[in-house]
Amino acid sequence: MKELAAKYSAKDVEDKWYAYWLAHKFFHSEPNEKEPYTIVIPPPNVTGILHMGHVLNNTLNDVLIRKARMDGKNACWVPGTDHASIATESKVVARLKEQGIRKEDIGREEFLRHAWEWKEEHGGIILQQLRKLGCSCDWDRTRFTMEPALSEAVINTFVYFYKKGWIYKGVRMVNWDPEALTAVSDDEVIHKDTKSHFYHLKYYISDGAGQPTDKFLVIATTRPETIMADAAICVNPADERHHWLKGKKVLIPLINKEIPVIEDDYVEMDFGTGCLKVTPAHDVHDYEIGLRHNLPVLDIIDEHGKLNEKARILVGEDRFVARKKIVKMLEESGNLVKTEEYISPVGYSERTDAVIEPRLSAQWFLKMDQLAKVALETVESGRTQFIPEKYVNTYRHWMENARDWCISRQLWWGQRIPAYYLPDGSYVVEATPEAALKAAQAKNPSLKAEDLHQDEDVLDTWFSSWLWPISVFDPQKPGHPDHQPNADLAYYYPTNDLVTGPDIIFFWVARMIMAGEEFMGKEPFSNVYFTGIVRDKIGRKMSKTLGNSPNPLDLIETYGADAVRIGMLLCSSAGNDIFYDEAQIKQGAAFCNKIWNSYRLVKGFAVSEDVKQTDTQRHGVDWFAAKLSETIGVVEDHYRKFRISDALMTIYKLFWDDYCSWYLETIKPPFGQPIDPQTYKATLEYFEALLKLIHPVMPFITEELWQDIMPRKEGETIMYAPTPKAEAYDPSILEKFSLAAEAVNGVRAIRAQRNLPPKETLPLKIKASAYPGIPLIEKMANVKVTLIEEFGDTQGVAFMVGTHELFVTLEGRVNVAEELEKSRKDLDYQQKFLAGVRAKLSNERFVQNAPAAVIENERKKEADSLSKIKSLEEKIAFLETSM
RNA sequence: GGGCGGUUAGCUCAGCUGGUUCAGAGCACCUGCCUUACAAGCAGGGGGUCACUGGUUCGAAUCCAGUACCGCCCACCA
């Protein structure tokens, strides 16, 4: 690099270095004798595109992995994508719909062909986008949850649990998504308070022959369209108001169907009317009551959420249309007593936002009790730590109440459940059709392959991603606890850190822990860092419909990847939602520019053997060495505690304030003059150390400049430069420097307040026999320092650094009245402060109870204050005489 | 309805087991500077009753209790 531009241009360097890193396989890891450091990526949806949440998450991952790499560990970041069953399938369905094709018409095979096509077209775009961000994933290890080996792992796992007796098929009330036409798990249902109505309906008592009498009871319901499926009316046996109903039968309005009145504790007496209509097919609790009382189940709503012929009326109507219509009909028939406004929690599908319909269907379940128990222990024992810790509570609560996991989905995109049905309706579960046939023939030797029919459902996506930390290394392992782990798995497992959002703590994190414990007997990661959710400036979630989500690639294009990374990290403490603001990215870009320009300065120094290092320069060099070591200690501590944004801010200030504003200004030779070799060498070394420190956060600009500091060989990279280590240093160096710096600040403040030109050298008197860093003060503050015993009777402005008194003489330019007023104010403050300290010291109980160090400190405060008061009084006296 | 977390400067947040002059940082803001690395900059500056109330203590932003508001998780009183 010959001429450095005045501004840093990210565009010119990012692609270049990323290509260089790839060409040299710097991201690739193989097991070796070094300590491994492993991260598996939270696999994004295969057809997804990069959003701000990904940027946050993957920036954090990349910072951790790059840091570990520079710390000398064998760092491996495994990337990949998730097939995302529902999300992908619904996208493919939508696309086919545009072409006028319905998936039912083309059949499974053909549909899957389209889906794979779609995956080939869109799959992996997001991984390309991660490259733009600078992510140092081991791309050779890229995995996909539905690639053959990983699918096999999923199937094996299913067979394993089935044979263990933990997977069972059962008819259950499931959360049915009438839009996606599949069952979803409890966790995929979002309850939202929704305005609805509470309809009070009259049910007339039957005369025993199916005719209404004039007596009736009143029930309250939010779902009048389901009355045709009522199997009973239920009252609490303790409810005296309803004792007269015992043994009676009532008639369902409109269809006049006779149903019994039953009694069950479940009914709350003081809710609604105390009479509950029991509709076993369309409500979970009602289903359970139905089981207890042996009630018939009548399912009147089809998979699309429309009333079927069993409803007898309103057949073919959508459930919500039917609701409106039936209310009208009930009103006309006189059965509607009243309608109340009512807000109740309604379940919505996480994916499609359709209102969930409780629906009875045959589904596959995985028992959770044992798995959850073990996985809870993993976290409670601290073998896996959550950052921040507060999520342990959430986790515990869920684990203690985990319900069996509904793992079947009525979809095609995914791993098909390896259950094979025999003509007699029984089934066998085996990993392959061949094995299934064998198992079937054991039951019935005459069976042939074509007699078997595989279950139509696929498995929940999470049933594959829970294996991720294992299967990416050794897909043979899941489902085979006795299988000897291959070399990769043995080396990389357990992984170190997982960075993910708290929204998938149950979906994914908890289940990975379960699978890890079950198949490996060991937790899948040591630490889980939960990020916050990225929100916009005013706190709204980023969403497509709101249009408040910027395209990260545009931002990278505009500001550079390093700037975007800084922008995301600046305000992201673990577990806190982060409020995205483009201003932060601008701040990142400004920092890039600052680094760039500091390098321009350093690189522009002419070095001459004939020049000797000055005292000031030596002072600066010694000081920064100490400062650097001190700060590295702080940074390491932040990293250990996963306080990434604090680590970043600490380095940011070290670079900007300490290195640029203090150090460089201190050692900078006069304009046009060369610098001595000793100082130059130190300056470059410090610069390089800073680059290394900040590299995990800003990979591109640091590589660009590191490569330019000195000639590097092909194949060298800052990526593998060791993290700078803190050296032992003398803390008094820092103390002395800060005394000097405070003197400089004091003079600068006086200059600024009084509008004194920076070019004018001012006389600075210090009342002391010695003061540290006088040459430095003279250079930085543009003053001429004299050490004196008394100020004498010259005019000027005094200030204090600690207990030292300093004085800028400004003969004839001092507004005595103003100075006097200011000094009196200071004196007043000091006297009050002293009074406070003395009150403390004269408090017997304080002196008795407080630790010695604290008392000692109060004494020192008292002494300091007294000395300040003394000099203020002297000053005031002097000023008064010169009025 | 149950649980968890939060409330500190205009904004986003630090402040670990109570005690250094503890009330902080970054950004934003104000003032003055085109000082030959950087105006994406330099120097200086203002700004907070630490949500509220009470308690514990010699001493509370920090510990305890209550109140208010905010957020998250869990939970289908039909």
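Note that the structure is predicted; figures quoted are calculated from it, not measured.

A word on the overall build of chain A. Regarding its fold elements, chain A presents 27 helices and 29 strands. Taking 2.2 N^0.38 as the reference for a compact globule, 883 residues should give roughly 29 Å; the C-alpha atoms of chain A span a radius of gyration of 37 Å, well beyond that estimate. Here the C-alpha coordinates of chain A stretch approximately 120 × 65 × 55 Å along the principal axes. Looking at chain A as a whole, 55% of its 883 residues qualify as buried. Long-range pairs, those at least 24 residues apart, make up 76% of the contacts in chain A between residues at least 6 apart in sequence. Side chains of chain A carry 109 positive and 130 negative charges; the gap between the two charge centres is 2 Å.

Strand order in this open sheet of four strands is 27-26-29-28, and the pairing throughout is mixed. At either margin of the open sheet sits one strand with a lone partner, and together these are strand 27 (783-788) and strand 28 (796-801). Ignoring strand direction, the axes of neighbouring strands in this sheet form an average angle of 25°. As paired elements, strand 28 and strand 29 (residues 804-809) share six bridges and run antiparallel to each other. If you follow Met800 over to strand 29, its bridge partner there is Glu805. Relative to the sheet, helix 24 (residues 774-781) contacts strand 26 (762-767) and strand 27, its axis offset from that of strand 27 by approximately 145°.

Around RNA strand B sit 61 residues in total, of which Val284, Asn597, Trp656, Phe671 and Lys861 are the nearest. Sugar and phosphate atoms constitute 58% of the interface atoms of RNA strand B, taking the interface as everything within 4 Å of the protein. Here a sugar or linking oxygen of RNA strand B sits 3.3 Å away from a polar atom, N or O, in the side chain of Asn593. Ser598 places a polar main-chain atom, nitrogen or oxygen, 3.3 Å from a base nitrogen of RNA strand B. Counting residues per element, the ones that place at least two in the surface near RNA strand B are helix 10 (391-400), helix 18 (582-604), helix 20 (644-667), helix 23 (731-754), helix 25 (816-842), helix 26 (844-849) and helix 27 (852-881). Tallying contributions element by element places helix 18 first for the surface near RNA strand B, with nine residues. Counted by class, the surface near RNA strand B contains 26 nonpolar, 18 polar and 17 charged residues.

Our focus in this paragraph is the sheet that holds strand 23 (residues 525-530). Read from one edge to the other, the open sheet built from three strands follows the order 15-23-22, with strand pairing classed as parallel. Each edge of the sheet is formed by a strand with only one pairing partner; in this case those strands are strand 15 (385-387) and strand 22 (495-500). With direction set aside, neighbouring strand axes in the sheet form an average angle of 20°. Sheet strands touched by helix 15 (residues 505-520): strand 15, strand 22 and strand 23. Its angle to strand 23, the strand with the most contacts, is close to 170°.

Let us look at the nonpolar core. For soluble globular proteins, nonpolar side chains are generally found buried alongside one another. Membership of the largest hydrophobic core comes to 190 residues, with the highest contact counts inside it found for Leu366 and Tyr659. Sort the elements by how many residues they give to this core and helix 20 lands first, with 13 residues. Filtering out sequence-adjacent residues up to four positions away, Leu366 remains in contact with Phe161, Trp166, Ile167, Leu371, Asp404, Trp405, Ile407, Phe463 and Trp466. Residues Leu201, Cys275, Ile313 and Leu314 belong to the second largest nonpolar core, which totals 29 residues.

As paired elements, strand 7 (residues 189-206) and strand 10 (residues 249-252) share two bridges and run antiparallel to each other. By the bridge assignment for strand 10, Tyr204 is matched with Leu251. Strand direction decides the pairing type here: strand 10 and strand 11 (residues 257-263), joined by four bridges, are antiparallel. Looking at strand 11, one finds that Leu251 is bridged to Glu258. Connecting strand 10 to the next strand, strand 11, in antiparallel fashion are four residues, including Leu254 with a positive phi near 70°.

Attention now goes to the pattern of salt bridges. In total, this model carries 56 salt bridges according to the counting rule given. Between Arg403 and Asp186 there is a salt bridge, and its shortest N-O distance comes to 3.6 Å. With Arg403 in the loop between helix 10 and strand 16 (405-406) and Asp186 in the loop between strand 6 (182-184) and strand 7, this pair connects stretches of sequence that are 217 residues apart. Using a relative accessible area of 61% as the deciding quantity, one classes Arg403 as exposed.

Between its first and last C-alpha atoms helix 18 spans 33 Å; for 23 residues at 1.5 Å apiece the expected length is 33 Å, and the two agree. Among the residues making up helix 18, those that are buried are Gln584, Ile585, Gly588, Phe591, Cys592, Ile595, Trp596, Ser598, Tyr599 and Val602. Contacts made by the buried residues of helix 18 are with helix 16 (552-559), helix 17 (561-570), strand 25 (578-579), helix 20, helix 21 (677-694) and helix 22 (699-709).

What follows concerns the confidence of the model for chain A. Where the model shows low pLDDT, its predicted coordinates should not be examined in detail. Here chain A averages 91 in pLDDT, and 99% of its residues register 70 or above. We note a pTM of 0.91 for the whole complex and an ipTM of 0.94 for its interfaces.

Moving on: the packing of aromatic side chains. Two aromatic rings are characterised by how far apart their centres lie and by the angle between their planes. Under the criterion given, the structure shown has 54 aromatic pairs. Judged by centre distance (3.8 Å) and plane angle (10°), the ring pair of Trp623 and Phe737 falls under stacked. Here the residue Trp623 occupies a position in helix 19 (residues 615-640), and Phe737 occupies one in helix 23, the gap between them amounting to 114 residues. Its relative accessible area of 3% is what places Phe737 among the buried residues. Directly above the aromatic system of Trp166 lies the positively charged group of Lys164, at a separation of 4.1 Å from the ring centroid.

We now examine the pairing of strand 22. Most of strand 22 is tucked away: six of the six residues are buried. With five bridges joining them, strand 22 and strand 23 adopt parallel strand pairing. Bridge pairing in strand 23 links Thr495 to Phe525.

What follows concerns helix 16. Taken together, the buried positions of helix 16 are occupied by Pro552, Leu555, Ile556 and Tyr559. The arc that holds every buried residue of helix 16, seen down its axis, measures 100°, which confines them to one face. Buried residues belonging to helix 16 abut helix 1 (10-23), helix 2 (52-70), helix 5 (125-133), helix 17 and helix 18. You can read the cap of helix 16 off the contacts: a side-chain oxygen lies 2.9 Å from the backbone nitrogen of Leu553, and it is on Asn551. Directly beyond the C-terminal end of helix 16, a positive phi value near 95° is found at Gly560.

The step from Ile387 to Pro388 runs through a cis peptide bond, and the omega angle for that step is -5°. Tracing the chain through its elements places Pro388 in the loop between strand 15 and helix 10. For the bond from Tyr493 to Pro494, the omega torsion is -5°, close enough to zero to count as cis. Residue position: Pro494 is located in the loop between helix 14 (487-492) and strand 22. The phi dihedral of Lys25 is positive, around 55°, even though this residue is not glycine. Examined against the element boundaries, Lys25 turns out to sit in the loop between helix 1 and strand 1 (36-40). Phi is positive for Asn256, close to 55°, though the residue is something other than glycine. Tracing the backbone through its elements, the reader meets Asn256 in the loop between strand 10 and strand 11. By relative accessible area, Asn256 is classed as partly exposed at 41%.

Cut-off values and rules
Residues numbered from 1 in each chain as written. Chains lettered and ligands numbered in written order. Predicted model: local features only at pLDDT ≥ 70, side-chain atom pairs only at ≥ 80, totals over all residues. Heavy atoms only, no water. Helix = DSSP H or I, 4+ residues; strand = E, 2+ residues; numbered from the N terminus. Rg over C-alpha atoms; globule rule 2.2 N^0.38 Å. Buried < 20%, exposed > 50% of the residue type's maximum accessible area, 1.4 Å probe, protein only. Contact = heavy atoms within 4.5 Å. Lys, Arg positive; Asp, Glu negative; His and termini not counted. Charge placed at Lys NZ, Arg CZ, Asp CG, Glu CD. Pairing = 2+ DSSP bridges. Axes fitted to C-alpha atoms, helices over the stretch in contact; angles between N-to-C directions. Near = heavy atom within 4 Å. Polar contact = N/O pair within 3.5 Å; in protein donor to acceptor, adjacent residues only side chain to side chain. Nonpolar A, V, L, I, M, F, W, Y, C, P; charged D, E, K, R; others polar. Core = buried A, V, L, I, M, F, W, Y, C linked by side-chain atoms within 4.5 Å. Salt bridge = Lys/Arg side-chain N within 4 Å of Asp/Glu carboxyl O. Expected span 1.5 Å × (residues − 1). pLDDT = per-residue confidence, 0-100. Phe/Tyr/Trp six-rings, centres within 6.5 Å; stacked < 30°, edge-to-face > 60°. Lys NZ or Arg CZ within 6 Å of the ring centre and 35° of its normal. Arc of directions from axis to C-beta.

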